[in-house]
Amino acid sequence: MDAPAVVAEVTENMLGGKKVTVVFVLGGPGSGKGTQCTNIVEHFGFTHLSAGDLLRAEIKSGSENGTMIDTMIKEGKIVPSEVTIKLLQEAMIKSENDKFLIDGFPRNEENRAAFENVTKISPAFVLFFDCAEEEMEKRLLGRNQGRVDDNIETIRKRFKVFVESSLPVIEYYSSKDKVKKIDAAKPIPEVFEGVKAIFAPYAPKVK
């Protein structure tokens, strides 16, 4: 048995010599994560990686991997953690940035453990958008974006999945004192004030 390598060194190996800052962004459907991620990217120079967008892009590319992902999603199966992690890893390696917001992942405890095992990266912290279900429901129903999945039954199912799957992840990181909770029920500008306070240490240095 080899002696365990220092985590920092392993991190570099996993991303081809890159040291990165990773922040997981979690919150229920309609908690306003997307809007705030856009603000963080603009003000703090992070790169926003959405697990869902990466999977959709892979499907669109028509690759063998993409076809497999498409089939799984159509059959209602969960895409294996390793597949999503590989896409996130490739995106981080290709990017010239070293600060990443990972949105919509890890979705569950298995995702979380696999991400840390595969990449050897532990997030700097988890940004958790905490919002009451009634408020999220109101927002989703008022969001006239023509999203087929925004009807009341589907919305409630999505809430249930979020609570059952993602809360254990939040509890795990809470036990490590790594969760920064935002009251996401407030108006967008107020929510961003809270976000700004958390990200202040990551503000770009003025040269």
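Residues numbered from 1 in each chain as written. Predicted model: local features only at pLDDT ≥ 70, side-chain atom pairs only at ≥ 80, totals over all residues. Heavy atoms only, no water.

Caption draft 1: Layout of the UniProt feature "binding site: a ribonucleoside 5'-phosphate" (unreviewed entry) in the protein chain. What UniProt calls "binding site: a ribonucleoside 5'-phosphate" (unreviewed entry) maps, in this numbering, to Arg56, Lys77, Ile78, Val79, Gly104, Phe105, Pro106, Arg107, Arg147 and Arg158. Within the secondary structure, Phe105 sits in the loop between β3 (99-103) and α6 (109-119). Using a relative accessible area of 3% as the deciding quantity, one classes Phe105 as buried. Excluding anything up to four places from it in sequence, Phe105 contacts Phe24, Leu26, Ala51, Thr84, Ile85, Leu88, Asn111 and Phe115. You can see Pro106 is positioned in the loop between β3 and α6. Note on Pro106: relative accessible area 0%, which makes it buried. Excluding residues within four positions of it along the chain, Pro106 makes contact with Phe24, Leu26, Asn111, Arg112 and Val169. (UniProt positions renumbered as here; feature names shortened; annotations may be inferred. Helix = DSSP H or I, 4+ residues; strand = E, 2+ residues; numbered from the N terminus. Buried < 20%, exposed > 50% of the residue type's maximum accessible area, 1.4 Å probe, protein only. Contact = heavy atoms within 4.5 Å.)

Caption draft 2: Spatial organisation of helix α3 (residues 51-61). Inspection of α3 places Ala51, Leu54, Leu55 and Glu58 among the buried residues, and these make up the whole buried set. Each buried residue of α3 lies within a common arc of 100 degrees when the element is viewed along its axis, so the set occupies one face. Seen from the buried face of α3, the exposed residues on the opposite side, beyond 90 degrees, are Arg56 and Lys60. At its buried positions, α3 is contacted by β2 (47-50), α4 (64-74), α5 (81-94) and β3. After α3 finishes, the residue Gly62 shows a positive phi value of roughly 75 degrees. (Arc of directions from axis to C-beta.)

Caption draft 3: Representation of the sheet that holds β3 within the structure. The parallel open sheet is built from five strands, whose spatial order is β2-β3-β1-β4-β5. Edge strands, defined here as strands with exactly one partner in the open sheet, are β2 and β5 (179-183). Taking the axes of each pair of neighbouring strands and ignoring which way they run, one obtains an average angle of 25 degrees across the sheet. Relative to β3, strand β1 (residues 21-27) runs parallel, the two being bridged by five bridges. Residue pairing in the sheet places Phe24 in a bridge with Ile102 of β3. (Pairing = 2+ DSSP bridges. Axes fitted to C-alpha atoms, helices over the stretch in contact; angles between N-to-C directions.)

Caption draft 4: Highlighting the environment of Asp53. Tracing the chain through its elements places Asp53 in helix α3. Along the sequence, Asp53 and Gly104 sit 51 residues apart, while their C-alpha atoms lie 9.7 Å from each other.

Caption draft 5: Representation of the packing of α6 against helix α8 (residues 152-175). Close contact between α6 and α8 brings their axes to 8 Å; oriented N to C, the two are set at 50 degrees. When the interaxial angle is binned, α6 and α8 end up oblique. Contacts between α6 and α8 pair Glu109, Arg112 and Glu116 from the former with Ser165, Pro168, Val169, Tyr172 and Tyr173 from the latter. The class makeup of the residues in the contact of α6 with α8 is four nonpolar, one polar and three charged. (Parallel < 35°, antiparallel > 145°, perpendicular 65-115°, else oblique. Nonpolar A, V, L, I, M, F, W, Y, C, P; charged D, E, K, R; others polar.)

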